[in-house]
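Chain residues, written in single-letter form:
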Amino acid sequence: KQEVTQIPAALSVPEGENLVLNCSFTDSAIYNLQWFRQDPGKGLTSLLLIQSSQREQTSGRLNASLDKSSGRSTLYIAASQPGDSATYLCAAPNSGNTPLVFGKGTRLSVIA
Amino acid sequence: NAGVMQNPRHLVRRRGQEARLRCSPMKGHSHVYWYRQLPEEGLKFMVYLQKENIIDESGMPKERFSAEFPKEGPSILRIQQVVRGDSAAYFCASSPLRDYGYTFGSGTRLTVV
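Residues numbered from 1 in each chain as written. Chains lettered and ligands numbered in written order. Predicted model: local features only at pLDDT ≥ 70, side-chain atom pairs only at ≥ 80, totals over all residues. Heavy atoms only, no water.

A. Molecular detail of the overall build of chain A. Scanning chain A from terminus to terminus reveals 0 helices and 11 strands. What you see in chain A, going N to C, is helices and strands ordered as β-β-β-β-β-β-β-β-β-β-β. Rg of the C-alpha trace for chain A: 13 Å, near the compact-globule value of 13 Å for 112 residues, within the 12% margin. Here the C-alpha coordinates of chain A stretch approximately 40 × 25 × 20 Å along the principal axes. Within the span of chain A, comprising 112 residues, buried residues form 46% of the whole. Partitioning the contacts of chain A with sequence separation of at least 6, the portion at a separation of at least 24 is 55%. With the model as given, the accessible surface of chain A reaches about 5,200 Å², and the carbon-plus-sulfur share is 47%. (Helix = DSSP H or I, 4+ residues; strand = E, 2+ residues; numbered from the N terminus. Rg over C-alpha atoms; globule rule 2.2 N^0.38 Å. Buried < 20%, exposed > 50% of the residue type's maximum accessible area, 1.4 Å probe, protein only. Contact = heavy atoms within 4.5 Å. Areas by Shrake-Rupley, 256 points an atom, 1.4 Å probe, with all protein chains shown as cover.)

B. The arrangement of the sheet that holds strand S8 (residues 75-79) of chain B in detail. Residues and elements named next belong to chain B. If you trace the 4 strands from one edge of the open sheet to the other, you get S1-S3-S8-S7, paired in antiparallel fashion. At either end of the open sheet lies a strand with only one pairing partner, and these are strand S1 (5-7) and strand S7 (65-68). Each strand axis lies, on average, 15 degrees off the axis of its neighbour in the sheet, ignoring direction. As paired strands, strand S3 (residues 19-24) and S8 are joined by 5 bridges and run antiparallel to one another. Residue Leu21 lies in a different strand from S8, and its bridge partner there is Leu77. (Pairing = 2+ DSSP bridges. Axes fitted to C-alpha atoms, helices over the stretch in contact; angles between N-to-C directions.)

C. Main features of the pairing of strand S4 (residues 31-37) of chain B. Residue and element names in this part refer to chain B. Of all 7 residues that make up S4, 7 are buried, and the element is covered over most of its length. Every second residue of S4 is oriented toward a common face, with His31, Tyr33, Tyr35 and Gln37 on one face and Val32, Trp34 and Arg36 on the other, all of them buried. Pairing between S4 and strand S5 (residues 43-50): 7 bridges, direction antiparallel. Bridge pairing links His31 to Gln50 in S5. The turn joining S4 and S5, which pair antiparallel and follow one another in sequence, is formed by 5 residues; a positive phi near 60 degrees is taken by Glu40.

D. Local environment of the nonpolar core. Judged by nonpolar contacts, the single largest core of 24 residues is most densely connected at A:Leu33, A:Trp35, A:Leu75 and A:Tyr88. Looking at this core, the elements with two or more residues in it are strand S3 (19-25), strand S4 (32-38), strand S5 (44-51), strand S7 (62-67), strand S8 (72-77), strand S9 (86-94) and strand S11 (106-111) of chain A. Residue contacts for A:Tyr88: discarding those within four places in its chain leaves A:Gln6, A:Leu21, A:Phe36, A:Arg37, A:Leu47, A:Leu75, A:Ile77, A:Gly105, A:Thr106 and A:Leu108. Of all hydrophobic cores here, the second largest spans 23 residues; its members include B:Leu21, B:Trp34, B:Val82 and B:Val112. (Core = buried A, V, L, I, M, F, W, Y, C linked by side-chain atoms within 4.5 Å.)

E. Quick look at the state of the cysteines. Residue and element names in this part refer to chain B. Under the criterion given, the structure shown has 2 disulfides over all chains. Across a sulfur-sulfur distance of 1.7 Å, Cys23 and Cys92 are joined as a disulfide pair. When the S-S torsion is -50 degrees, as for the bridge of Cys23 with Cys92, the disulfide is left-handed. With Cys23 in strand S3 and Cys92 in strand S9 (residues 88-95), the pair connects residues that are 69 residues apart, well separated along the chain. For Cys92, a relative accessible area of 0% gives the class buried. (Disulfide = S-S within 2.5 Å.)

F. Just the interface of chain B and chain A, in detail. On the chain A side, the residues contacting the 17 residues of chain B number 18 residues. Counting the surface lost from both chain B and chain A, the interface buries some 1,500 Å², and carbon and sulfur atoms represent 55% of this. Summed over the three residues of chain B that lose the most area to chain A, namely B:Leu43, B:Tyr102 and B:Phe104, the buried surface amounts to 33% of that side. Taken together, the links from chain B to chain A amount to 0 salt bridges. For the pair chain B and chain A, the interface holds 6 residue pairs in polar contact (both at pLDDT 80 or more). Looking at the side of chain B that touches chain A residue by residue, the classes come out as 9 nonpolar, 4 polar and 4 charged. (Buried area = accessible area lost by both parts, 1.4 Å probe. Salt bridge = Lys/Arg side-chain N within 4 Å of Asp/Glu carboxyl O. Polar contact = N/O pair within 3.5 Å; in protein donor to acceptor, adjacent residues only side chain to side chain. Nonpolar A, V, L, I, M, F, W, Y, C, P; charged D, E, K, R; others polar.)

Right, dumping it as structure tokens:
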């Protein structure tokens, strides 16, 4: 059964700093991995979807990498802004099939 | 494309009443997933449905909870005889194919009083 762990649980950084969020998963037989953002009291917004054949995906200031062999993914945020403050969630499929299993998230605060 | 639509956004029920949560997937998406998020906890999978079929309900409590996704109309998550512990945010997601990324709705926040 898939287990997803995210560290750190919370992170506070000054505006402009580059940062890395970590995600690890126990079952590497996954066909994709997805990163989401959740603002307080809101739904989830998909940020990046990495297929198993890919090593990374980029969207604007965000870059996500995937290393299936080590069971790890990272989300890199460049030049952080206060608007980036949110909870970031990593999700991987359960044993190669649906459904997605979520980590508990990293709560990011970017201080102006 | 209106995205995944969930209604109502907020729902208040007294203990013992029934709660019905609706989810309309994105156009062209035939796979629907329901998740529950308790305060300060992560998202927990409840049920995965395709049109007219329940594919995986391993996360659904055995009693009082049921889900359907009829040929026509939205997917419905039904909670009978609600208790205070059912208070949570319930999210629906959809995907066009089984191994594609998920798109989430804004959720229904259920409060049981």
